[in-house]
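# Inside the fold
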Amino acid sequence: MAVLVTGGLGFIGSHAVVELLQEGLDVVIVDDLSNSSKEVLSRIAKITGIKPFFYPFNVCKLNKLKEVFEKHIISEIIHFAGFKAVGESSSKPLEYYDNNLNSTLALLKMMEKYQVKKMIFSSSATVYGERDDLPFNEGMTITHATNPYGETKIMNEIILRDVAISRPDYAITVLRYANPIGAHSSGLIGEKPSDIPNNLLPYIQRVASKKLNELAVFGDDYPTTDGTGVRDYIHVTDLAKGHVLALKKMVARTGFHVYNLGTGRGTSVLELVAAFERENHVKIPYRIAARRSGDIATSYLDVTLAKNELGFQTKLTINDAVRDAYRFEIRGSKLDKTKLLKKESIKK
Ligand code: WQD
């Protein structure tokens, strides 16, 4: 019996795989490497001592998925795989709807064919859109997100809800994430966008390591304590552990369940910058820039339900996250260079 983890080499997926393996579970990863690297697999093995099964293809490919379901007895699916760049989703909506919806549909078809009855789906706080009633809770009516990426999350949630209603023997859990940050404490896995980062902490990391000159703070005139945007930043390891709890809870139940996973607290852009500087003893040069289109002022989650029903509680702080992120920035890239040197000496 194994847990199928789609997108298992990505930022959140790789941390979840580590936690699952450390719980003694067998893991099968499907990841098309579109925003990850095969190197992550070796790093997972280095951390856990276990190399999970890995299949490099896009989850939408039904024939290849079938082979995986034929080969392994899958007991649960955790579906992380998906395109996730908010800005890009507005310029390439078709790609986003195609990939992010068809991957879920393909998995649901496999569930029916191979009698797999349990799935956890990666959703996002972005489904709450722009609203004044904070913190966001699971009971709020979901209408529209501010971009196609967010819309794919909402649509996926609707599809999964309807399938769960039609199949009372299924257990489907939707986890709505706050903003995941940080990296594994080993410094071996973390967030490594292949392009210029869109998200705040990866950008700060690159400024800290002098790969980028300065941070642009998108707006200082929001109705927040210091005028900069406020988010609920959760350490990726805490978020990954939330998946293990959700998985354990699903074993003995059916139905459709939705949980927020966050800290329940907001941190501003300038507070995150200050924490990074203080904890890592580096200066982050920044300038105030215009607001980024589509951004909201404040987002943080009510996590009472996850606490009460899953026993979810974050243990790591923003300070842990900025230290771990910087350790990964330094250690991760050092390892990359060592690998390059090795490759070069092999060529010689
Ligand atoms: C955080 C804050 C920015 C970059 C998005 C998605 C969400 C999730 C994570 C997927 C905001 C400010 C940022 C920069 C800045 N999805 N900022 N300068 O926008 O809250 O969430 O990413 O993977 O679904 O919506 O996260 O990290 O981009 O921004 O000032 O260079 O940092 O304005 O206030 P966001 P973020």
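Because the structure is a prediction, the values reported are computed rather than measured. (Residues numbered from 1 in each chain as written. Predicted model: local features only at pLDDT ≥ 70, side-chain atom pairs only at ≥ 80, totals over all residues. Heavy atoms only, no water.)

### Some thoughts on the confidence of the model for the protein
Put simply, the rule reads: pLDDT is defined as a per-residue confidence score from the predictor, taking values between 0 and 100. By definition in these notes, contact holds between two residues if any of their heavy atoms fall within 4.5 Å.
Counting all residues, the mean pLDDT for the protein is 94, and 95% of those residues have values of 70 or more. This stretch, residues 343–348, has a pLDDT under 50; its non-local contacts, to residues over four places away or in other chains, come to 0 contacts.

### Things to note about the sheet that holds strand S5 (residues 118–124)
Picture the strands of a sheet paired through backbone hydrogen bonds; they go either parallel or antiparallel. The condition is simple: Following DSSP output, two strands are said to pair if at least two bridges run between them. Runs of E in the DSSP output that reach at least two residues are strands. Runs of H or I that reach at least four are helices, and both are numbered from the N terminus. Lines fitted to C-alpha atoms define the axes here, with helix axes fitted over just the stretch in contact, and angles between the N-to-C directions of these axes take values from 0 to 180 degrees.
The strand order S3-S2-S1-S4-S5-S6-S11 describes an open sheet built from 7 strands, whose pairing is parallel. The strands lining the two open edges of the sheet, one partner per strand, are strand S3 (53–55) and strand S11 (255–261). Taken pair by pair, the neighbouring strands of this sheet meet at an average axis angle of 15 degrees, ignoring direction. Pairing of strand S1 (residues 2–6) with strand S4 (residues 74–79), which is carried by 5 bridges, proceeds in the parallel orientation. The partner of valine 5 across the bridge, within S4, is isoleucine 78.

### Some points on the layout of surface pockets
Convention followed: The definitions used throughout rest on a 1 Å grid laid over the protein atoms alone, on which a cavity is an enclosed set of points accommodating a 1.4 Å probe that cannot get out and a pocket is an open set flanked by protein within 12 Å on both sides along at least five of seven lines; lining residues are those having an atom within 4 Å of a point. Grid points are joined across faces, edges and corners, and a volume is the space filled by probe spheres set on the points.
Quantified by volume, the second largest pocket comes out at close to 210 Å³. Together, Glu138, Met140, Thr141, Ile142, Ile154, Glu157, Ile158, Arg161, Arg176, Phe256 and Val258 line the second largest pocket. Where the lining of the second largest pocket is concerned, the elements lending two or more residues are helix H6 (148–166) and S11. Considering each element in turn, the lining of the second largest pocket owes the most residues, 4 residues, to H6.

### Some remarks on the site of the ligand
Heads up, the rule is: Any residue with at least one heavy atom within 4 Å of a molecule or strand is counted as near it. Here a polar contact means two N or O atoms within 3.5 Å. Within protein one must be a hydrogen donor candidate and the other an acceptor candidate, and residues neighboring in sequence count only if both atoms are side-chain atoms. The Shrake-Rupley method, run with a 1.4 Å probe sphere, supplies the accessible areas, and residue values consider only the shown protein chains as cover. For this classification, Asp, Glu, Lys and Arg are treated as charged, while Ala, Val, Leu, Ile, Met, Phe, Trp, Tyr, Cys and Pro are nonpolar and the rest, including Gly, are polar.
Close contacts around the ligand come from 19 residues, with Leu200, Ala216, Arg231, Arg292 and Asp295 the closest. The backbone of phenylalanine 218 places a nitrogen or oxygen atom 2.8 Å from an oxygen atom of the ligand. Within the side chain of aspartate 295, one N or O atom sits 2.6 Å away from an oxygen atom of the ligand. If the ligand stood free it would expose 700 Å²; the protein chains cover 88% of that surface. Broken down by element, the residue count for the shell around the ligand peaks at 4 residues, all from strand S8 (residues 215–218). Residues of the shell around the ligand, tallied by class, amount to 9 nonpolar, 6 polar and 4 charged.

### As for empty space enclosed by the protein
All chains considered together, the criterion is met by 1 cavity of 30 Å³ or more. Reported here for the largest cavity is a volume of approximately 40 Å³. As for the largest cavity, its lining consists of Ala81, Gly82, Asn100, Phe121, Thr152, Lys153 and Asn156. If one sorts the elements of the lining of the largest cavity by residue count, H6 sits on top with 3 residues. Counted by class, the lining of the largest cavity contains 2 nonpolar, 4 polar and 1 charged residues.

### A short note on the pattern of salt bridges
As a reminder of what qualifies: One side-chain nitrogen of Lys or Arg within 4 Å of one carboxyl oxygen of Asp or Glu is enough to make a salt bridge. Per-residue accessibility, obtained with a 1.4 Å probe over protein chains only, is compared with the maximum for each type, and a residue is labelled buried under 20%, exposed over 50%, and partly exposed between these values.
Throughout the structure, instances matching the rule amount to 20 salt bridges. In this structure, the salt-bridge partner of aspartate 162 is arginine 161, at a minimum N-O distance of 3.0 Å. When its relative accessible area of 38% is taken as the criterion, aspartate 162 is described as partly exposed. Of the charged contacts, one joins arginine 327 and aspartate 324 as a salt bridge, the two residues approaching to 2.6 Å between their closest N and O atoms. Placement of the pair is arginine 327 and aspartate 324 together in helix H11 (residues 318–347), with a separation of 3 residues, close to one helical turn. Residue classification places aspartate 324 among the buried residues on the basis of a relative accessible area of 7%. In the salt-bridge network here, residues are joined through shared partners; they are Arg278, Glu279, Asp320 and Arg323.

### Points about the sheet that holds strand S14 (residues 298–299)
Taking strand neighbours across the sheet as the criterion, the 3 strands line up as S12-S9-S14 in an open arrangement whose pairing is mixed. Edge positions in the open sheet fall to strand S12 (267–268) and S14, since each of these has one partner strand only. Bridge analysis of strand S9 (residues 230–231) against S14 gives 2 bridges, and the strand direction is parallel. Of the residues in S14, the one forming a bridge with arginine 231 is serine 299.

### Things to note about the nonpolar core
Spelled out, the test is: Only buried Ala, Val, Leu, Ile, Met, Phe, Trp, Tyr and Cys residues count toward a nonpolar core, and they belong to the same one when joined by side-chain atoms within 4.5 Å.
Leu20, Ile29 and Ile44 are the most contacted members of the largest nonpolar core, which has 49 residues in total. Going through the elements one at a time, S1, helix H1 (11–22), strand S2 (27–30), helix H2 (39–48), strand S6 (171–177), helix H8 (236–251), S11 and helix H10 (304–310) are the ones with two or more residues in this core. What isoleucine 44 contacts, discounting residues up to four positions off in sequence, is Gly8, Leu9, Ser14, Val17, Val18, Leu21, Ile29, Gly49, Ile50 and Pro52. Membership of the second largest hydrophobic core comes to 27 residues, among which are Leu4, Phe57, Ala164 and Ile172.

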